[in-house]
Structure formats: structure tokens, C-alpha cells
Amino acid sequence: MVRRTGVRPGMTVSQAIGLCPTLVLLEPDPVHYDEQFTHLIGALGNVTPVVEPVELGRVFVGVDGLEKLVGGPERQLDAVMAAIDGDGLRRATSPGHELRDGRERRWAAVARLGWGRGKFVSWVAATRAQPGSPVIVRDTERAAFLARQ
């Protein structure tokens, strides 16, 4: 609803209130964020033992060897999304999306996921991803993908 008034990410609070005077601002809850991040790390550990938290909200997940267990990049990302949503993490604000197996996406619907060989490629892919729509950079596409960024 707020977006219809013109409020966009990156605006200052005063700009947002100027566009939407009825806007209600909520105080951040760092304890809640830390708890949820801890749950996220645990959930990802059910997919792979290589989970590297970088900062609150950003994690690198090692996928070496997962192809033999779950399949290609799409299936690996499905496994990550299923783990995120299957570990009792609280519902995100964008319900209604479904995983391929019909279960509802919660956190996976707002996560920005990127898949590629190496941390840099996967990080760039994740920064280009839309929430709930992962970006996959295959080895044959890596140079062209990075050149466009």
C-alpha cells in the first residue's frame, strides 16, 4: 500500500513521511534479527556443512558435492529455499509463493539468492537477484555476466 504513494527503498524517513503522512515507523529489533539469523544458519547447515556467515543477513553456502546429492543449480537452490522455510523460521511479509513441491515459501520468497562458482560470482549474482527469484551464473556464462555488471 505504501508503494502506491510513491515510497521506495532508499528514501529518507522524511521523504517517505512526506509522501505518506499516515506512515507508521517501527523500531528495529536487533535481538529478533540475531535470533532469526541463527536459525537461518542452522537451517542452511541441514543442506551443506559449508555455511559461512559474512554479516547479519549475508551467508555464503558451499555447494561443492551437492550436485551428486540433489542435482544442478536449480535443485540446489530449491534445497536451500526448502531448508530456510522448513526450519520453523517465522513467516516473512510476502506469503503466497510456492516451492516446486507445492509447499509455501516464506523466507525464500524474500531472500536474494545467487549461484555461481566462487564467492565473488555468487555474491554479484545475489545482488542482481530479485526477492524469491535466484540468479544462476553457469561457468560458461561467467565472463559475459561479470562483463555486464
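Predicted model only: the values in this text are computed from it and were never measured. (Residues numbered from 1 in each chain as written. Predicted model: local features only at pLDDT ≥ 70, side-chain atom pairs only at ≥ 80, totals over all residues. Heavy atoms only, no water.)

**Student:** Help me understand the packing of helix H2 (residues 30-44) against helix H4 (residues 73-86), please; the structure alone is not making it clear to me.
**Tutor:** In helix packing, the relevant descriptors are the interaxial angle and the interaxial distance, both defined with respect to the helix axes. Look at H2 against H4: their axes get within 8 Å of each other, and the N-to-C directions meet at 135 degrees. When the axis of H2 is compared with that of H4, the two are oblique. Relative to H4, the crossing made by H2 is right-handed. Residues Leu-40, Ala-43 and Leu-44 of H2 form the contact with H4, whose participating residues are Val-80, Ala-83 and Ile-84. Broken down by class, the residue content of the contact of H2 with H4 amounts to 6 nonpolar, no polar and no charged. (Axes fitted to C-alpha atoms, helices over the stretch in contact; angles between N-to-C directions. Helix = DSSP H or I, 4+ residues; strand = E, 2+ residues; numbered from the N terminus. Parallel < 35°, antiparallel > 145°, perpendicular 65-115°, else oblique. Left-handed = near helix turned anticlockwise from the far one by under 90°. Contact = heavy atoms within 4.5 Å. Nonpolar A, V, L, I, M, F, W, Y, C, P; charged D, E, K, R; others polar.)

**Student:** Even after reading the chapter, I still don't get the packing of aromatic side chains, so can you show me in this structure?
**Tutor:** To describe a pair of aromatic rings, one takes the distance between the centres and the angle between the planes. Counted under the stated rule, the structure contains 1 aromatic pair. Centroid distance Phe-120 to Trp-123: 6.2 Å. Interplanar angle 40 degrees. Geometry classified as tilted. Here Phe-120 pairs with Trp-123, and both are found in helix H5 (residues 119-128), just 3 residues apart, close to one helical turn. (Phe/Tyr/Trp six-rings, centres within 6.5 Å; stacked < 30°, edge-to-face > 60°.)

**Student:** What exactly am I supposed to notice about the confidence of the model for the chain here?
**Tutor:** Detailed reading of the predicted model is not advised wherever pLDDT is low. Confidence along the chain averages 84 in pLDDT terms, with 85% of residues attaining 70 or more. Overall, residues 87-101 carries pLDDT values under 50, and its contacts beyond four positions in sequence, including any with other chains, amount to 39 contacts. (pLDDT = per-residue confidence, 0-100.)

**Student:** Just to check I follow, could you spell out the layout of surface pockets for this structure?
**Tutor:** The gaps of empty space that remain are located by a probe, the size of a water molecule, rolled over the atoms. Roughly 1,100 Å³ of internal volume is contained in the largest pocket. As for the largest pocket, its lining consists of 38 residues, of which Gly-57, Arg-58, Val-59, Arg-112 and Leu-113 are closest to the centre. With 6 residues, H2 is the single largest residue contributor to the lining of the largest pocket. The residue makeup of the lining of the largest pocket, split by class, is 22 nonpolar, 10 polar and 6 charged. (1 Å grid on protein atoms, 1.4 Å probe; cavity = no way out; pocket = protein on both sides within 12 Å on 5 of 7 lines; lining within 4 Å. Points joined across faces, edges and corners; volume = space filled by probe spheres on them.)

**Student:** Help me understand the nonpolar core, please; the structure alone is not making it clear to me.
**Tutor:** Buried together is how nonpolar side chains tend to be arranged in soluble globular proteins. Grouped together as the largest cluster of nonpolar side chains are 15 residues, with contacts concentrated most on Leu-40, Leu-44, Val-47, Leu-77, Val-80, Ile-84 and Leu-113. Mapped by element, the contributors of at least two residues to this core are H2 and H4. Per-element accounting of this core gives the leading share, 5 residues, to H4. (Core = buried A, V, L, I, M, F, W, Y, C linked by side-chain atoms within 4.5 Å. Buried < 20%, exposed > 50% of the residue type's maximum accessible area, 1.4 Å probe, protein only.)

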